[in-house]
Every structure is written in C-alpha cells, then in structure tokens.
Amino acid sequence: MKFLDLFEEIYSALLANKARSGLTILGIVIGIGSVIAMIAIGQGSQSSIESSIQSLGSNLLLITPGAQRGMGVQVSQGRGSSQTLTKDDAEAISSLSSVLAVSPEVSGRYQVTAKGTNTNTTINGVVSAYPTVRNVEVETGNFITDQNVKSMSKVAVIGPSVRDDLFGEDVDSSGVIGQTIRIKSINFTIVGITKEKGGSGFNNQDDVIYIPITVSQQYLTGGNYVSTIAVQASSQEEMTVLQTDITTLLLDRHNVSTADFSIMNQADIVATASSVTNTFTMLLGSVAGISLVVGGIGIMNMMLTTVTERTREIGLRKAIGAKRKDINFQFLGEAIMLTFTGGIIGIILGCLVSFVAYQFFSLATQVSTFSVVLSFGVSGAIGIIFGYYPANRASKLNPIEALRYE
Amino acid sequence: MIECKNIVKTYKNDSGEIVVLKDLTFSIKDGEFIAITGPSGSGKSTLMHILGALDTPTSGEYLLDGKNIADFSDDELADIRNKKIGFVFQSFNLLARSTVLRNVMLPLVYAEIPKQERETIARLALKSAGLDEKHYNNLSNQLSGGQMQRVAIARALVNNPTLILADEPTGNLDTKTGEIVLKTFETLNREQHHTIILITHEKEVAEHADRIIFIRDGVITDDYKTKK
Ligand SMILES: Nc1ncnc2c1ncn2[C@@H]1O[C@H](COP(=O)(O)OP(=O)(O)OP(=O)(O)O)[C@@H](O)[C@H]1O
Ligand SMILES: [Mg+2]
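All values reported here derive from a predicted model rather than from experimental measurement.

Explanation requested: the overall build of chain B in the structure shown.
Scanning chain B from N- to C-terminus turns up 7 helices and 10 strands. Relative to the globule expectation of 17 Å for 228 residues, the C-alpha radius of gyration of chain B, 17 Å, shows essentially globular dimensions. On the principal axes, the C-alpha backbone points of chain B span a range of 45 × 40 × 40 Å. Here chain B, with 228 residues, has 54% of them falling under the buried criterion. A fraction of 68% describes how many contacts in chain B between residues 6 or more apart in sequence connect residues 24 or more apart. When the accessible surface of chain B is summed, it comes to about 10200 Å², and 50% of that surface belongs to carbon and sulfur atoms.

See below:
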C-alpha cells in the first residue's frame, strides 16, 4: 500500500468519526498544552527570580549587624537594628584579598520635602563604590563622589520614584538637577538621578535617595555605625573563601567569639531560590505530565474501540489483499495522526496560555524549545506506544473470523 | 488449477464439534465455469472460503496452482487473494461509510495501482456488474440490496482475477439484472478464460455453468457436466 493511500485511509477514517476523534485529540491538546504552559510559567518565574536577585549586584556578600538567623536570609527590617558594624570595619574588609569593592551603607526612612511636596522615603548614606557594587546606574547627572564623601557635601542622588513623587511624573530630569530638597531641615542639592530598575515591595530600588555616608552619619543617624556593608568579590569562586575571611576578620576586630553580624552570600540566595522554583517547575510539570498520560490512555481506548468496531472492515481488507503491515500502519497511523494533531494544537495552546499569563498576569513566562521538543516527542511516542497494541491486534486478526464478527 | 484432497473442516462450539466439510476430494481446471450448489447449511460458503485461501481446512490439502496453501504466510496469502482471486461474499461486506467507487477501488489500492488508473478500472467493473452510473458516488449503505450486490461483484472483478468466487451473486437480483451479471461471468470465462466458481441454490442459475458440483451435509453427492 502506498503512503499517500495510507494517509487518505487514515484521514477519512478519522473524519468518519469526528466527535470521537475530536475528544481524543482534546485529551492530548490539554496534556501537551499544560506541559508547555506549566514549564513556561515555572521557568519564567525561575528566571525572573534569578534576574531580580542578580540585579542587586553580582558576586555580592551582604554584611549586616546582628546575629545570624536561620538560613541567613534576613528581612530588611532586621537590618541596622543593632549597631555593631562601623565604617572602619568596611575599610578593614577592603584590604582583604579578592575584594573588588566595598560599599558601607547606612540607611533610614525620613520625611523629604521639596517645593511644597513631600514624601517619606529611604535615605541611603553611601560611598562612591555603591553603583558598582549594587549594580545601580545613573541616568542624569553624577553619583556621589569620593570628594563629596570626604568634604561632607550636602548633595543627593534620587531614584526615579522619588523624582516622580516630589516633582511630578512628567518633569524633565535635567531640570531636576540642581534643585534643592530638605531632609530633617537640611538642604541638599540634587546632583543625579538613577536609572529605573523596577522591583517592588520592600525592595523598591527606585524609591530611594542617596547622600554621602559621612553626611548621613553626621546629621541623620549619628555615630560611626553602618547598617550594611556590601562587598563585591572579584569572582564567584572566591566568595566562600572571602566569606570566611571576613568572618574571621570581623570576629577578631569586634573581639567576640560568636558573630554579632551576619553575612548573606548572594550565590546561596540564588541557589536557594532556584531550587525552590525548580521544585515548583517540576511539580507543575509532573501534574501536566499526568494529564498527558491520561490523554495517551484516551488514545489507546479510542483505538481499541475502533479496532473492535471495525473488525469486519479489517476482515474485508485482509480478504481483498491487505497485508499485516497495511493494517498495522493504518491503525498506528490513526493513533499517530491523532496525537500529532493534538500535539500541534497543544503546543499552540500552550504558547497562547504562556503569552496570556505574560500579558495579563505579568508572569515572566518563557516557552523553551526544550519543552516544545519534549512534548512533541512525547506526543509522538504516545501515539506509537498506545497505538501499537490495538494496531498489532487488528493486524493479526484471522480474516474469516473478522468477517463473521458481530 | 485447484486440487482438494480429503478436505475436512470442523467447527467447535459449546455442544462439541460439528463437521461441516467431510473429506472432500475434487479438482477444478483453469478456465472452468463451475456451479456449487446444495441446500442451505450444506457447507458451500465454508468451502468457498477455503478455495479462496481465506480459511484453512482442519485436515486435508488444498493446492492452488500446484502449491499447498498451508505453506504460505499470512502476507503471501493476502497477496495471492489480491492478485488472483475475486470474492463476492454472500453478505457483500462493503465498507459502509465509503462511496461505491472507493469500495470498488479498494483492491486496487492494495495492489498499488496508480491512482489515476484506479477510477477508470473501477468504472469499467461497475459497468459490467450492471450498476447505474448515478450511484457511483453514493455511500454504499445508501444502496438497495441488489445494488450492493452489484458493487460487491464489481469489486470482485476489478483486479482482473483469474479465479472468481461468487457466493449467491444473483440472490438479491431480479431475473433481468441477474442475467446481466451471469452474462458478465460467462463472458469473462469464454473470452478471458478466468476460472469461475459460482455458489447458488437456484437450479436455473447453476445451469449457466459447464459443471455442477452438488453438496449435501458436507459431502459431494453429485458432480456432472451440463449438456451445453
Ligand atoms: N464459524 C462457525 N462456527 C460454527 N459453525 C459454523 C461456522 N461457520 C459455519 N458454521 C456452520 O457450518 C455449516 C455450513 O455453513 P455454510 O455457511 O458453509 O453454509 P451454506 O452452505 O453456505 O449455507 P447457505 O446456503 O445458507 O449460505 C452451518 O451449519 C453453520 O452453522
Ligand atoms: Mg452460504
């Protein structure tokens, strides 16, 4: 039997039973579609979590005052509550090997006013290394310089949210440079505006004002204390060693045996977060996988019913010259055609669902070629596996018994 | 050339074994036009299935063109049926959801005849079976019994078989259409020397053949040449 004829037989057999073929295809569509959508959503949230962690800076160690708690992931409210870290600690750390840059920071929330408007925001006392370490870019103007820190200039760099809050959404950024804002009745001149970074909740990096750390310590927080020391390691591999070095150094400097500070390693955070999202992706994927198997069983069920129903037809075909492989290929072909049609529609549906999730629920979904290839392969395999048994059964029927079948 | 040597066919059912064909021995030469006749239940259809290599005897030998059917594989038998044998089944066995043309073309599909030629051949076969052209694209389950019978006959003729096995081919036809079909068989026999085995229980139909084999309860009770 020629391939084209085989195809025509398959095609017309499936069309002859539209409702049943349609429902069987639907089972596969749901299976494949959910595998693709679930993996896309899972991988999307994984990469968005990873990139938002990376956007805080790369190869970062965050040292905060106060003892270590739990896994070392601390909520920001805990920071700065005790006063064990100083700017001198930061200077000491910067002389360690494999340290690229050190950024001591002191932060607090204050009321800020400008030309009659006011807002409550985070004031971050920083040094010039801050943008490098924390991965912050300046859009207009300049960042705080070493000179500013040394001479305690009352200058400020503001985040885009603060600019919008104080000067209105549609203000020209360059017009804001040189304007004066008041924090705790002290006038600061705006010298720069940072680039928008996004982020949300407690971690909105756009709703912040940077001033020289010396000014902050002198006029806002008082004392030599800092609330965070961010250390950038020269490479990812050095981070663990550097973490131990810093611990030893600080224990020694503070002259204590148990740490009165805690160190968060960015690599650890990324690893923890991605293992969580990995589990999440796998969970979603396996639920979807189960529905794919159910769809496959649907195909097998349909094919077995078809073979039984069409026993006389099979007998007739064999009587007039159909060979085993002709019958085998016909029924196997029907199963494969069902799964392939279902697979293709499922892939389209899965992409559509991912797209909708991206558009309307701002889930950063990613349809990976891997999941498309995987589910296409799986759908083909399902067609072959679940179609093989019924097809093989049909091909082995004795023609005369099949013809007598009622 | 057909040779049957001591053919026995038994069926098992709940109440034991029934012997349908009891030790049949006979031969049919190429180009013969034979009628097998006998009362209902005598084993005619069973014999036809064996002669058509669709079924195997319980014991005994069936030689088709000198070769024992038992020596062939399933697929080889399928090939023989496709190339050499044309069946008209007593119950037609048409594909209900396919059109008349598709039904008739089906043996040609398995014979891998090019698509363009199939329809021409099928139309010729339908014509010699006497089916009106306006039914060619009807679904086969929308036909009358007689029309179905003619489609079944056309399907048996379409692959130009050297052996035609027809089980009650005129059973559902009026005398006039029946005559057309029988004429077709006669012509095939006279002009193309195809072997024709016609199963019937009507004496007048059997008389069209050159030789009549009479079966009763699975035994040949008579085997004679007609006068013509
Ligand atoms: N698969 C089967 N299982 C059991 N018995 C069978 C089977 N097929 C046929 N028979 C029996 O074999 C006998 C002969 O059947 P067959 O169909 O050959 O008769 P027939 O001569 O063609 O009759 P008719 O003229 O009515 O068509 C019948 O008694 C029937 O009951
Ligand atoms: Mg019969």
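Help me understand the coordination of the magnesium ion (ligand 2), please; the structure alone is not making it clear to me.
Angles at a metal have ideal values that depend on geometry: 109.5 degrees with four tetrahedral donors, 90 or 180 degrees with six octahedral donors. For the magnesium ion (ligand 2), every protein donor is listed as Ser45 of chain B (OG) and Gln90 of chain B (OE1), and the spread of their distances is 1.9 to 2.2 Å. Of this pair, serine 45 of chain B sits in helix H1 (residues 44-51) while glutamine 90 of chain B sits in the loop between strand E6 (85-88) and helix H3 (100-110), and the two are 45 residues apart along the sequence.

Would you take a moment to explain a nonpolar patch on the surface for this structure?
Nonpolar side chains collect at one region of the surface, where Phe355, Val356, Tyr358, Phe360, Phe361 and Leu363 of chain A lie side by side and expose about 650 Å² of accessible area between them. Tracing the sequence through the fold places tyrosine 358 of chain A in helix H12 (residues 324-360).

Mind showing me how you'd approach the site of ligand 1 here?
Neighbouring ligand 1 are the residues Arg404 of chain A together with Tyr11, Ile18, Val20, Ser40, Gly41, Ser42, Gly43, Lys44, Ser45, Thr46 and Gln90 of chain B. At the site occupied by ligand 1, the surrounding residues belong to chains A and B. Here an oxygen atom of ligand 1 sits 3.0 Å away from a polar atom, N or O, in the main chain of glycine 43 of chain B. Glutamine 90 of chain B has a polar side-chain atom sitting 2.8 Å from an oxygen atom of ligand 1. Burial of ligand 1 by the surrounding chains reaches 70%, relative to a free accessible area of 630 Å².

Looking at this structure, how should I read the sheet that holds strand E7 (residues 163-167) of chain B?
In a beta sheet, neighbouring strands are held together by backbone hydrogen bonds and run either parallel or antiparallel to one another. All names here are of chain B. Ordered in space as E6-E7-E8-E3-E9-E10, the 6 strands form an open sheet in which the pairing is mixed. Looking along the sheet, the strands with just one partner apiece sit at the ends: E6 and strand E10 (219-225). Looking at each pair of strands side by side, their axes are set apart by 15° on average, direction ignored. Bridge analysis of strand E3 (residues 33-37) against strand E8 (residues 195-200) gives 5 bridges, and the strand direction is parallel.

Is there a simple way to explain the confidence of the model for chain A in this structure?
Caution applies to low-pLDDT regions: their predicted coordinates should not be interpreted in detail. Confidence in the prediction for chain A averages 85 pLDDT; 94% of positions are at 70 or higher. Here residues 70-80 of chain A is modelled with pLDDT under 50, and outside its nearest four sequence neighbours on either side it reaches 15 contacts, counting other chains as well.

Hey, could you run me through the interface of chain A and chain B in this one?
In many reports, interface size means the accessible area that the parts give up when they come together. In this complex, chain A contributes 26 residues to the contact, which on the side of chain B involves 26 residues. Both faces combined, the contact of chain A with chain B buries some 2500 Å², and carbon together with sulfur accounts for 51% of it. The interface formed by chain A and chain B contains 6 salt bridges. Here arginine 118 of chain B makes a salt bridge to aspartate 5 of chain A, at a shortest N to O gap of 2.6 Å. Among the elements that make up the side of chain A that touches chain B, the one with the highest residue count is helix H11 (residues 311-319) of chain A (6 residues).

I keep staring at the pattern of salt bridges and nothing clicks. Help me out?
Two side chains of opposite charge can pair, provided their charged atoms sit close to one another. Under the criterion given, the structure shown has 26 salt bridges over all chains. The closest approach of N and O atoms between glutamate 9 of chain A and arginine 317 of chain A, which form a salt bridge, is 2.8 Å. Of this pair, glutamate 9 of chain A sits in helix H1 (residues 3-16) while arginine 317 of chain A sits in helix H11, and the two are 308 residues apart along the sequence. The salt bridge partner of lysine 203 of chain B is glutamate 207 of chain B, with a shortest N-O separation of 3.2 Å. Lysine 203 of chain B sits in the exposed class, given a relative accessible area of 55%. The exposure class assigned to glutamate 207 of chain B is partly exposed, which follows from its relative accessible area of 37%. Taken together, the shared-partner salt bridges in this structure form one network comprising Glu8, Glu9, Arg310, Glu313, Arg317 and Glu334 of chain A together with Arg102 and Lys115 of chain B.

Whenever I open this one, the sheet that holds strand E1 (residues 2-13) of chain B confuses me. Can you help?
All names here are of chain B. Overall, antiparallel pairing links the 4 strands, which are arranged E2-E1-E4-E5 in an open sheet. With partners counted over all chains shown, the strands left at the sheet margins are strand E2 (16-28) and strand E5 (67-68), one partner each. Sheet analysis places E1 next to E2, joined by 9 bridges and oriented antiparallel. Bridge assignment links lysine 9 to a residue of E2, and that residue is leucine 21. Against the sheet, H1 touches E1, E2 and strand E4 (59-64), its axis set at about 60° to E2.

Honestly, helix H6 (residues 175-192) of chain B in this entry has me stumped. Any pointers?
Residue pairs spaced three or four apart in an α-helix point in one direction, given the helix's 3.6 residues per turn. Residues and elements named next belong to chain B. Between the first and last C-alpha of H6 there are 25 Å, a value that for 18 residues agrees with the 26 Å anticipated at 1.5 Å per step. Those residues of H6 lying buried are Thr177, Gly178, Val181, Leu182, Thr184, Phe185, Glu186, Leu188 and Asn189. On its buried face, H6 is in contact with E3, helix H4 (115-128), helix H5 (145-157), E7, E8 and helix H7 (203-206). Looking one or two residues past H6, histidine 193 carries a phi angle of roughly 55°, positive in sign.

Quick question: what am I supposed to make of the nonpolar core here?
Most often, soluble globular proteins keep nonpolar side chains buried together rather than apart. Ranked by size, the top nonpolar core spans 68 residues in total, and within it Ile2, Ile36, Leu51 and Tyr62 of chain B carry the most contacts. Top contributing element to this core by residue count: helix H2 (residues 18-54) of chain A, with 7 residues.

Rules behind the numbers
Residues numbered from 1 in each chain as written. Chains lettered and ligands numbered in written order. Predicted model: local features only at pLDDT ≥ 70, side-chain atom pairs only at ≥ 80, totals over all residues. Heavy atoms only, no water. Helix = DSSP H or I, 4+ residues; strand = E, 2+ residues; numbered from the N terminus. Rg over C-alpha atoms; globule rule 2.2 N^0.38 Å. Buried < 20%, exposed > 50% of the residue type's maximum accessible area, 1.4 Å probe, protein only. Contact = heavy atoms within 4.5 Å. Areas by Shrake-Rupley, 256 points an atom, 1.4 Å probe, with all protein chains shown as cover. Donors = N, O, S within 2.8 Å, 3.2 Å for Na, K, Ca; no water. Patch = residues over 30% accessible without salt bridge, like charges linked within 9 Å, V, L, I, M, F, W, Y side chains within 5 Å. Salt bridge = Lys/Arg side-chain N within 4 Å of Asp/Glu carboxyl O. Near = heavy atom within 4 Å. Polar contact = N/O pair within 3.5 Å; in protein donor to acceptor, adjacent residues only side chain to side chain. Pairing = 2+ DSSP bridges. Axes fitted to C-alpha atoms, helices over the stretch in contact; angles between N-to-C directions. pLDDT = per-residue confidence, 0-100. Buried area = accessible area lost by both parts, 1.4 Å probe. Expected span 1.5 Å × (residues − 1). Core = buried A, V, L, I, M, F, W, Y, C linked by side-chain atoms within 4.5 Å.

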